[in-house]
Amino acid sequence: EAGVAQSPRYKIIEKRQSVAFWCNPISGHATLYWYQQILGQGPKLLIQFQNNGVVDDSQLPKDRFSAERLKGVDSTLKIQPAKLEDSAVYLCASRRGQGGTYGYTFGSGTRLTVV
Amino acid sequence: AQTVTQSQPEMSVQEAETVTLSCTYDTSESDYYLFWYKQPPSRQMILVIRQEAYKQQNATENRFSVNFQKAAKSFSLKISDSQLGDAAMYFCAYRSKITSGAGSYQLTFGKGTKLSVIP
């Protein structure tokens, strides 16, 4: 099966600009996650979707970050305006469901550099 | 909240030798999952091995095995017969068995250990 697709692979923007990342999960995967991975750290969950509904966005900086998952398939993560500390890799992951035995499949991420 | 600690930022191993990566975690739950993920330069997280807390037997996947000490909240990864392709970042991760709402099936990661394999 095809993997989790993410684009773009790299993005460089100036602070205060806006940026959007796109994720296409594996077909049939109802659960989708966005993680932020700052250099030298492990990934941190930003938001979790179940189909097109938000399950958890408690760690999403809502004053500048937003995310949506239209029709329960593709998802976009937006940052507006970006800050220097937003420089990180943004990983998308999907699972078939919330059940305990389903594995996670990760995309290759988008590396964002804010200058 | 659960925390995962990896105390070794970097490790190196000679090709064909054995190396052990350490991980400790903190939780008040009695049942959960623990994982080791590999992240090569391609950035994609790849599952190496998974352990269910209620299973006393340590998980094994080919050259990869774990030493799971539930009382000590320790979950180390042993890589035997190390190969050049094993060089990567390795992340230990915890997942609660909360089944609904916030926290459900989230992965909590440690900071990672960079493994180098010396030819």
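Colleague: What is the right way to look at the overall build of chain A in this model?
Modeller: Tallying secondary structure elements over chain A gives zero helices and eleven strands in all. N-terminal to C-terminal, the α/β element order of chain A is β-β-β-β-β-β-β-β-β-β-β. Judged by the C-alpha coordinates and their principal axes, chain A covers about 40 × 25 × 25 Å. Per-residue burial for chain A yields a buried fraction of 46% across its 115 residues. Pairs at least 24 apart in sequence give 53% of the contacts found in chain A among residues at least 6 apart. Of the roughly 5400 Å² of accessible surface on chain A, a fraction of 49% belongs to carbon and sulfur atoms.

Colleague: Just to check I follow, could you spell out the side chain of R43 of chain B for this structure?
Modeller: Residue position: R43 of chain B is located in the loop between β5 (32–39) and β6 (46–52). Among buried Asp, Glu, Lys and Arg side chains, R43 of chain B stands out as unpaired, with D86 of chain A the closest opposite charge at 17 Å. At a separation of 3.0 Å, a polar atom in the side chain of R43 of chain B contacts the main-chain carbonyl oxygen of R9 of chain A. Ignoring sequence-local partners within four residues, the contact set of R43 of chain B consists of R9, Y10, V89, L91, G107, S108, G109, T110 and R111 of chain A.

Colleague: Help me understand the state of the cysteines in this model?
Modeller: Formally, a disulfide is one covalent bond, and it connects the sulfur atom of one cysteine to the sulfur atom of another. Residue and element names in this part refer to chain A. With the rule as written, the count across this model stands at two disulfides over all chains. Shown here is the disulfide that connects C23 with C92, its sulfur atoms set 1.9 Å apart. As the torsion about the S-S bond is roughly -70 degrees, the C23-C92 disulfide counts as left-handed. With a gap of 69 residues between them, C23 in strand β3 (residues 19–24) and C92 in strand β9 (residues 88–95) connect regions that are remote in the sequence.

Colleague: Please explain the environment of Q51 of chain B as it appears in this structure.
Modeller: All names here are of chain B. Here Q51 lies in strand β6. The class of Q51 is buried, set by a relative accessible area of 2%. Taking the C-alpha atoms as reference points, Q51 and F75, 24 residues apart in sequence, are found 9.0 Å from one another. If we skip the residues at most four places from it in the chain, Q51 touches Y32, Y33, L34, Q57, N58, A59, V66, F68 and F75. At 3.0 Å, the side chain of Q51 and the backbone oxygen of Q57 are in polar contact.

Colleague: It is not clear to me how the nonpolar core should be interpreted in this structure. Could you clarify?
Modeller: Grouped burial of nonpolar side chains is what soluble globular proteins tend to show. By size, the foremost hydrophobic cluster in this structure holds 25 residues, and its most contacted members are Y25, W36, F75, L77 and Y90 of chain B. Going through the elements one at a time, β3 (19–21), β5, β6, β8 (64–69), β9 (74–79), β10 (88–96) and β12 (113–118) of chain B are the ones with two or more residues in this core. Here this core takes four residues from β10 of chain B, the largest share from any one element. When neighbours within four sequence positions are excluded, L77 of chain B is seen to be in contact with V19, T20, L21, W36, V48, I49, F64, S65, V66 and Y90 of chain B. Within the second largest apolar cluster, 21 residues are counted, among which are L46, I47, I79 and L112 of chain A.

Colleague: I tried to follow the interface of chain A and chain B on my own but got confused; where do I start?
Modeller: The figure often quoted for interface size is the accessible area lost as the parts come together. Contacts between chain A and chain B engage 29 residues on the former and 20 residues on the latter. Taken together, both faces of the contact between chain A and chain B bury some 1900 Å²; the carbon and sulfur share is 45%. Our count for the contact surface shared by chain A and chain B stands at zero salt bridges. The tally of links between chain A and chain B comes to eight residue pairs in polar contact (both at pLDDT 80 or more). Secondary-structure elements contributing two or more residues to the side of chain A that touches chain B are β4 (31–37), β5 (44–50), β6 (53–56), β9 and β11 (110–114) of chain A. Considered class by class, the residues forming the side of chain A that touches chain B number eleven nonpolar, 14 polar and four charged.

Colleague: What should I look at first to understand the pattern of salt bridges in this one?
Modeller: In a structure, side chains of opposite charge can pair up when their charged atoms sit close to one another. On inspection of all chains with the given rule, the structure shows six salt bridges over all chains. Between K62 of chain A and D57 of chain A there is a salt bridge; the shortest N-O distance is 3.7 Å. When the shortest N-O distance is used, the salt bridge between D86 of chain B and R63 of chain B registers 2.8 Å. One end of the pair, D86 of chain B, is in the loop between β9 and β10; the other, R63 of chain B, is in the loop between β7 (60–61) and β8, and 23 residues separate them in sequence. An identical accessibility class is assigned to D86 of chain B and R63 of chain B; each is buried. Salt bridges sharing common partners tie together R50, E52 and K55 of chain B.

What counts, and where the lines are drawn
- The numbering scheme is per chain: residues are counted from 1 as the chain's sequence reads.
- Whichever chain is written first is A, and whichever ligand is written first is 1; the rest continue in order.
- In keeping with the model being predicted, local features are shown solely for residues with a pLDDT of at least 70 and side-chain atom pairs are shown and tallied solely at 80 or more, while totals for entire chains, interfaces and linings include all residues.
- As a rule here, side-chain values come from all non-hydrogen atoms in the structure, and water together with hydrogens is ignored.
- A run of H or I in DSSP becomes a helix once it reaches four residues, and a run of E becomes a strand once it reaches two; helices and strands are each numbered from the N terminus.
- Each residue gets one of three labels from its accessible area relative to the maximum for its type: buried under 20%, exposed over 50%, partly exposed in between, using a 1.4 Å probe on protein chains only.
- Contacts are assigned to residue pairs with any non-hydrogen atoms lying within 4.5 Å of each other.
- Residue exposure ignores everything except the shown protein chains as possible cover, and the areas themselves are Shrake-Rupley values with a 1.4 Å probe.
- Charge assignment: positive for Lys and Arg, negative for Asp and Glu; neither His nor the chain ends contribute.
- Salt bridge, as used here, is a side-chain nitrogen of Lys or Arg placed within 4 Å of a carboxyl oxygen of Asp or Glu.
- We define a polar contact as two N or O atoms separated by no more than 3.5 Å, with the added condition that, inside protein, one atom must be a possible hydrogen donor and the other a possible acceptor, whereas residues neighbouring each other in sequence contribute only through side-chain atom pairs.
- We call a pair of cysteine sulfur atoms a disulfide whenever their separation is within 2.5 Å.
- The criterion is simple. A nonpolar core is a set of buried Ala, Val, Leu, Ile, Met, Phe, Trp, Tyr and Cys residues joined through side-chain atoms within 4.5 Å.
- Defined here as a combined quantity, buried area equals the accessible surface (1.4 Å probe) lost by two parts on assembly, summed across both.
- Ten residues, namely Ala, Val, Leu, Ile, Met, Phe, Trp, Tyr, Cys and Pro, are considered nonpolar, four, namely Asp, Glu, Lys and Arg, are considered charged, and the remaining ones, Gly among them, are considered polar.

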